[in-house]
Amino acid sequence: MRRLILALAALLAVSVFAPAPVLAVEPDEVLADPLLEARARELSKDLRCLVCRNESIDESNAELARDLRLLLRERLLAGDSDREAMAFIVDRYGEYVLLRPTASGANWLLWAAAPLMLLAALVIAVFYLRGRARAPKAAEQGLSAEEQERLRKILED
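Residues numbered from 1 in each chain as written. Predicted model: local features only at pLDDT ≥ 70, side-chain atom pairs only at ≥ 80, totals over all residues. Heavy atoms only, no water.

### Things to note about the side chain of S60
- Summarising the element assignment, S60 is placed in the loop between α2 (34-44) and α3 (63-77).
- In this structure S60 comes out as buried when scored by relative accessible area, which is 0%.
- At a separation of 3.1 Å, a polar atom in the side chain of S60 contacts the main-chain amide nitrogen of A62. (Helix = DSSP H or I, 4+ residues; strand = E, 2+ residues; numbered from the N terminus. Buried < 20%, exposed > 50% of the residue type's maximum accessible area, 1.4 Å probe, protein only. Polar contact = N/O pair within 3.5 Å; in protein donor to acceptor, adjacent residues only side chain to side chain.)

### Description of the packing of aromatic side chains
- Taken as a whole and judged by the stated rule, the model has 0 aromatic pairs.
- The ring of Y96 carries the charged tip of R48 above its face, separated from the ring centre by 4.5 Å.
- Above the face of the F88 ring, R75 is positioned so that its terminal group lies 4.3 Å from the ring centre. (Phe/Tyr/Trp six-rings, centres within 6.5 Å; stacked < 30°, edge-to-face > 60°. Lys NZ or Arg CZ within 6 Å of the ring centre and 35° of its normal.)

### A closer look at the pattern of salt bridges
- Under the defined criterion, the tally for this structure stands at 8 salt bridges.
- Among the ionic pairs, R100 bridges to D46, the shortest N-O distance being 2.3 Å. Taken together, the positions of R100 in the loop between α4 (82-93) and α5 (107-134) and D46 in the loop between α2 and α3 put the pair 54 residues apart, joining distant regions of the chain.
- Assessed through its relative accessible area of 62%, R100 is described here as exposed.
- Take D46: its relative accessible area is 24%, and that puts it in the partly exposed class.
- Counted as one network, the salt bridges with shared partners bring together E37, R41 and R73. (Salt bridge = Lys/Arg side-chain N within 4 Å of Asp/Glu carboxyl O.)

### Here's the deal with the nonpolar core
- L47, I57, L72, L76, I89 and V97 are the most contacted members of the largest nonpolar core, which has 19 residues in total.
- Of all the secondary-structure elements, those providing two or more residues to this core are α2, α3 and α4.
- Broken down by element, this core gets its largest block of residues, 5 residues, from α3.
- For V97, the contacting residues outside a window of four places in its chain are D46, L47, R48, L50, L68, I89 and V90. (Core = buried A, V, L, I, M, F, W, Y, C linked by side-chain atoms within 4.5 Å. Contact = heavy atoms within 4.5 Å.)

### Thoughts on α2
- Residues L36, E37, A40, L43 and S44 constitute the buried set of α2. Looking down the long axis of α2, one finds its buried residues gathered within 130 degrees of arc, a one-sided arrangement. Exposed side of α2, more than 90 degrees from the buried face: P34 and L35 are the residues found there.
- Looking at the buried side of α2, the elements it contacts are α3 and α4.
- Measuring from the backbone nitrogen of L35 back to the side-chain oxygen at the start of α2 gives 3.1 Å, which picks out D33 as the cap. (Arc of directions from axis to C-beta.)

This is the structure in structure tokens:
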């Protein structure tokens, strides 16, 4: 009996905490052709919901995401290839609609900015540390005659 209870508790825990795909695709959006629907689902994973920003249109319940899902399915039904359908949506909504922007054109600067900034920070750190190592240490310099006299007066008072 104890094993049965433990097994049921484990099954309940797995079913509650197991990640399940959260899809907002409504039944009236699903295409009759399973191959086209699979293509649409795969492509919609790479399209950003312009309202939710960090969700794909497949996961978002926003009206605009629904419109994008329907538009994508319309393009696939019209006979567009995957590349043509994505290009149509990118032309219409801009490259921001892609969850993974392309690494071309002006985006190269954005892709390269972080490594370049890290490299610049390392170069600055090396020059700063070399400069500190070459600077004379305050303890090695000793006190000048004027400073010694001033210190003596302070200690006498």
